[in-house]
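A closer look at the structure
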Amino acid sequence: MSEKTVPQLNSYDKTLIVPPDKSISVRAVVLCSYAVGNSTVRNISLCDDVLSAVDCMKHLGAKIDIQGNTAFITGAPFRSCALDCGNSATTARLLMGLLSGLNGVFEIDGDSSLRTRPMKRVIDPLRIMGARIADTDGHLPVRIIGSPLRGMEYFMPISSAQVKSALLLAGLNCSSAVTVTEKIKTRNHTEIMLNDMNGDVALDGNTVKCAGGIIFGNDITVCGDISAAAYPIALALAVGGSCTVKNVGLNPTRTGFLDIVRKIGGRVSVDNRTDCAEPYGDISVSGGKLRPIIIGENEVPLVIDEIPALCALACHIDGVSVIEGAGELRHKESDRISCTVAALKSLGAQIEETDSGMIIYGGKPLKKGTVNPQGDHRIAMAAAVAGAAGAGAVVQNAECVSVSYPSFFEEVLGV
């Protein structure tokens, strides 16, 4: 187990290029591998989750050649096989939807962490559509026997882009269209990608419909991951510094973090913006006196991956910050409510766990402490940010950041 010692930083002024977007990269690998023809995915993320997706698609029959940060993908009819998704819930859930309507027998599994993630939220609606899936008490491993699927109208009981995406991909092989309606719109990378690949996708507010048909290979350039950018930005705000992150994705379903930064008093500017299906640009953030962070249930889906970073920042803001309606965090790579609280308490933060969120009494001096992130990459990065803006920190099992941001400690903190 590796450790990283994070020094105390009294100032921060950096320009960074963060890793390519993990969510987009995984979807690109899965969809391009299923599509007819050739695809080129430029600036693809090479983090562990994306490499797990690549491994799965190769086992299914796709040809994938990665040269530098470009993936050349040739789609192929999928064959029966056993798949190891590693720690990637996105890969597992998308493949459940995509494979359920195909001929073949498919087994999907993952590492010990992924085996704890809830899969009934995907399996139950797929079974309504006719899928034959044997699960392990609602978890991985699962066994899928491909069968004819029928479309349906589905109203999402929880906010989950992964569940939505799984059902839309199942719609590619349905006898009639699949219609998914969300209470709160979640990230829409799958819909955008399907549309660009000739998918029969229709959008109407928070409702998206996908009908069966063939999708074709496409050239995709992946933008920087705004979830990764949240950590250096939070650090800059915590110490009263500044940070510029270049070529970051600005999809409106992913910029809730920037909205919150503005709401608490941070200064945010966007330069060199390029408007396309997945808009991107350079984000510059600075701040002085900040207000406490208040996040309610309606905002949570738009910042679900950035909440640990925001909690780290809240430790350094005078006043009481409150996060509510975030119960979904308990079903991530770890119980991110309990693990965030435990990690920040290890550094002396005054923070309380609630059923669906956290209360942070900020502005109190932190101490240097040792943090066990429980194998969760976002907890490790949040603890490092809180510690760097405080009295330092020792982060155990630091290699877990490779799930999303392999170079985090070196590039963001210089350690």
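For the structure itself, consult the block above.
Analysis parameters
Residues numbered from 1 in each chain as written. Predicted model: local features only at pLDDT ≥ 70, side-chain atom pairs only at ≥ 80, totals over all residues. Heavy atoms only, no water. Phe/Tyr/Trp six-rings, centres within 6.5 Å; stacked < 30°, edge-to-face > 60°. Salt bridge = Lys/Arg side-chain N within 4 Å of Asp/Glu carboxyl O. Buried < 20%, exposed > 50% of the residue type's maximum accessible area, 1.4 Å probe, protein only. Helix = DSSP H or I, 4+ residues; strand = E, 2+ residues; numbered from the N terminus. Pairing = 2+ DSSP bridges. Axes fitted to C-alpha atoms, helices over the stretch in contact; angles between N-to-C directions. Parallel < 35°, antiparallel > 145°, perpendicular 65-115°, else oblique. Left-handed = near helix turned anticlockwise from the far one by under 90°. Contact = heavy atoms within 4.5 Å. Core = buried A, V, L, I, M, F, W, Y, C linked by side-chain atoms within 4.5 Å. 1 Å grid on protein atoms, 1.4 Å probe; cavity = no way out; pocket = protein on both sides within 12 Å on 5 of 7 lines; lining within 4 Å. Points joined across faces, edges and corners; volume = space filled by probe spheres on them. Nonpolar A, V, L, I, M, F, W, Y, C, P; charged D, E, K, R; others polar.

**Focus: the packing of aromatic side chains**
For the structure on display, the rule yields four aromatic pairs. Ring geometry for Phe 408 against Phe 409: centres 5.1 Å apart, planes inclined by 75°, an arrangement best described as edge-to-face. Through pairs of rings, three or more aromatic residues link up here, namely Tyr 231, Tyr 405, Phe 408 and Phe 409.

**Brief notes about the pattern of salt bridges**
For side chains bearing opposite charge, pairing can occur when the charged atoms are close. Under the criterion given, the structure shown has 24 salt bridges. With a closest N to O distance of 2.6 Å, Asp 275 and Arg 273 form a salt bridge.

**Looking at helix α5 (residues 161-171)**
Among the 11 residues that make up α5, 11 are buried, leaving the element largely enclosed by the rest of the structure. Looking at α5, one finds that the buried residues are Ala 161, Gln 162, Val 163, Lys 164, Ser 165, Ala 166, Leu 167, Leu 168, Leu 169, Ala 170 and Gly 171.

**Details of the pairing of strand β19 (residues 319-323)**
Pairing of strand β18 (residues 294-295) with β19 involves two bridges; the strand directions are parallel. Within β19, the position partnered with Ile 295 by the bridge is Ile 323. With five bridges connecting them, β19 and strand β21 (residues 357-362) associate as antiparallel partners. Residue pairing in the sheet places Gly 319 in a bridge with Gly 362 of β21.

**Thoughts on helix α10 (residues 307-314)**
Counting buried positions along α10 gives eight out of eight residues, so the element sits mostly inside the fold. Buried residues of α10: Ile 307, Pro 308, Ala 309, Leu 310, Cys 311, Ala 312, Leu 313 and Ala 314, and no others.

**Notes on the packing of helix α4 (residues 120-128) against α5**
Axis separation between α4 and α5 bottoms out at 9 Å; the angle between their running directions is 30°. In terms of their interaxial angle, α4 and α5 are classed as roughly parallel. Crossing handedness for the pair α4 and α5: right-handed. Mapping the contact onto sequence places Arg 121, Val 122, Pro 125 and Leu 126 in α4 and Val 163, Ala 166, Leu 167 and Ala 170 in α5.

**Side note on the nonpolar core**
Counting residues in hydrophobic clusters, the biggest one holds 79 residues, and the most contacted among them are Met 358, Phe 408 and Leu 413. For this core, the element with the highest residue contribution is helix α7 (residues 226-238), accounting for 11 residues. Here Phe 408 is in contact with Tyr 231, Met 381, Ala 384, Val 385, Val 401 and Leu 413, once residues within four sequence places are set aside. One finds Ala 28, Val 50, Leu 98 and Val 142 within the second-largest nonpolar core, a separate group that totals 71 residues.

**Examining the side chain of Thr 179**
Tracing the sequence through the fold places Thr 179 in strand β11 (residues 178-181). In contact with Thr 179, other than residues within four places in its own chain, are Met 152, Glu 153, Tyr 154, Thr 207, Val 208 and Lys 209.

**What about the sheet that holds strand β23 (residues 393-396)?**
The mixed open sheet is built from three strands, whose spatial order is β1-β23-β22. With partners counted over all chains shown, the strands left at the sheet margins are β1 (3-6) and β22 (369-371), one partner each. Ignoring which end each strand starts from, the neighbouring axes of this sheet average 20° apart. Set on the sheet, helix α12 (residues 377-388) makes contact with β1, β22 and β23; between it and β23 the angle comes to about 170°.

**A word on the layout of surface pockets**
There is about 660 Å³ of room inside the largest pocket. Ser 159, Ser 160, Ile 304, Glu 328 and Lys 332 are the residues nearest the centre of the largest pocket, which is lined by 40 residues in total. Mapped by element, the contributors of at least two residues to the lining of the largest pocket are α1 (22-34), α3 (89-99), α5, α9 (300-303) and α12. Of the residues contributing to the lining of the largest pocket, the split by class is 10 nonpolar, 13 polar and 17 charged. Size it by volume and the second largest pocket reaches roughly 320 Å³. If you go around the second largest pocket, you meet 18 residues; those closest to its centre are Ile 220, Thr 221, Val 222, Cys 276 and Glu 278. Listing elements by their share of the lining of the second largest pocket, those giving two or more residues are α6 (189-196) and β14 (219-221). Looking at which element gives the most residues to the lining of the second largest pocket, the answer is α6, with four residues. In the lining of the second largest pocket, the residues fall into nine nonpolar, six polar and three charged.

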